[in-house]
Amino acid sequence: MHDLVSIIVPVYNVAQYLDRCLNSLVGQTYPHIEILLIDDGSTDGSGALCDRWHERDGRIRVFHKANGGLSDARNHGLAHASGDYICFIDSDDWCDLRFVEVLLCALKETDSDVAECDHLCTDGSEPGDNRQPPYERSIYDGDECFLRFLNTEFLVIVCNKLYRRSILTDRMFRVGVYHEDEFWTYKIFSSIRRACRVRYTGYYYYQRHDSIVHTKPSRKRLADAFDAAKERMDFIERRYPQFAAVGYAKMMYTCMFLYNEARGSDFPQKPGFQAELLAYFRIIFKKYLRAGQYRKEMWRFCLFRLCPNRYCKLSY
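Described below are features of the structure shown in this document. (Residues numbered from 1 in each chain as written. Predicted model: local features only at pLDDT ≥ 70, side-chain atom pairs only at ≥ 80, totals over all residues. Heavy atoms only, no water.)

Details of the packing of helix H9 (residues 270-291) against helix H10 (residues 298-306)
The geometry of a pair of packed helices is captured by two quantities: the angle between their axes and the separation between those axes.
Then, in step 1: As a packed pair, H9 and H10 sit with axes 11 Å apart at the nearest point and diverge in direction by 140°. Crossing geometry of H9 relative to H10 is assigned as left-handed. Across the interface between the two elements, Leu278, Phe281, Arg282, Phe285, Tyr288 and Leu289 of H9 pack against Met298, Phe301, Cys302, Phe304 and Arg305 of H10.
Then, in step 2: Split by residue class, the contact of H9 with H10 holds nine nonpolar, no polar and two charged. (Axes fitted to C-alpha atoms, helices over the stretch in contact; angles between N-to-C directions. Helix = DSSP H or I, 4+ residues; strand = E, 2+ residues; numbered from the N terminus. Left-handed = near helix turned anticlockwise from the far one by under 90°. Contact = heavy atoms within 4.5 Å. Nonpolar A, V, L, I, M, F, W, Y, C, P; charged D, E, K, R; others polar.)

Written out as structure tokens, the structure is:
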């Protein structure tokens, strides 16, 4: 295989992590790659570090731009990528050295548009995946791809996947929001012919103590997650009415989770936001009842509808 794979890496103030990430990329067993480092206005020396890596490896291309956020950096990378296949790597994470090779082989051998591997959340101390190929694969066609995504067999995160470039045409990330993956990934899975799931741990997601997920949630962060979920729900009702009941259950779980997240925060608009969540939950709950496709977790939905705070105390 000689297909070019573009690896898009947004970089913002990650000087202490960037070497680990890039060592895992330049050492890939599949050599036909270009690595696009998008320096998103870093102020800690990350930009200069990107330039030094470019001098060391000609496959690395560096773009310096004003800070615009993760989505804007990914979009910048997409606009300049040359490969027929695309993957996105966060600059504080890293990959197994076979990441590109395994996913590209899976994607091409199964004629898929997206190939996804397992990921591991880590503090940096875990060893790599020592399993050897052949890796177990699951392959889905047409609408089943979207259903499997709804049922979380495929994850919403962007970075543990390889994409055929042709399916990303006009699929830009929304700028200025948190949870950009939530706004983006479901649209990708609605537009593909086939998806492949590979049972192989190829991506390592570093759990930084100063990251967004470890800080107290803000109104903006929670509201963006809620907006993304509502947009996805509207999309399901329009495009996949046969999967509406699955979507309703997923939406209710999102409302329950965000309600509990708000309980642990202290932004001034918290009571109003929680009331908005409850009102929307009740609308979806009624639709779920009318759909008549109840699940074993029905008791959870009923308890949350009647006593949301008690449910959260029991469940989180």
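Remarks on the side chain of Asn160
Then, in step 1: One can find Asn160 in the loop between helix H5 (143-150) and strand E8 (161-164).
Then, in step 2: A relative accessible area of 0% means that Asn160 is categorised as buried.
Then, in step 3: Within the structure, the side chain of Asn160 is placed 2.9 Å from the backbone oxygen of Cys117, a separation counted as a polar contact.
Then, in step 4: Ignoring anything within four residues of it in the chain, the contact list for Asn160 reads Phe99, Leu103, Ala115, Glu116, Cys117, His119, Leu155 and Tyr203. (Buried < 20%, exposed > 50% of the residue type's maximum accessible area, 1.4 Å probe, protein only. Polar contact = N/O pair within 3.5 Å; in protein donor to acceptor, adjacent residues only side chain to side chain.)

Considerations on the pattern of salt bridges
Then, in step 1: One pass over the full model with this rule turns up 27 salt bridges.
Then, in step 2: Across the salt bridge formed by Asp40 and Lys65, the nearest N and O atoms sit 2.6 Å from each other. Placement of Asp40 in strand E2 (residues 33-40) and of Lys65 in strand E3 (residues 60-65) is noted, with a sequence separation of 25 residues between them. An identical accessibility class is assigned to Asp40 and Lys65; each is buried.
Then, in step 3: Arg148 is the partner of Glu153 in a salt bridge, and the nearest nitrogen-oxygen pair spans 3.0 Å.
Then, in step 4: Taken together, the salt bridges that share partners define one network made up of Asp111, Asp113, Arg164 and Arg193. (Salt bridge = Lys/Arg side-chain N within 4 Å of Asp/Glu carboxyl O.)

Honestly, it's all geometry; don't read function into it.
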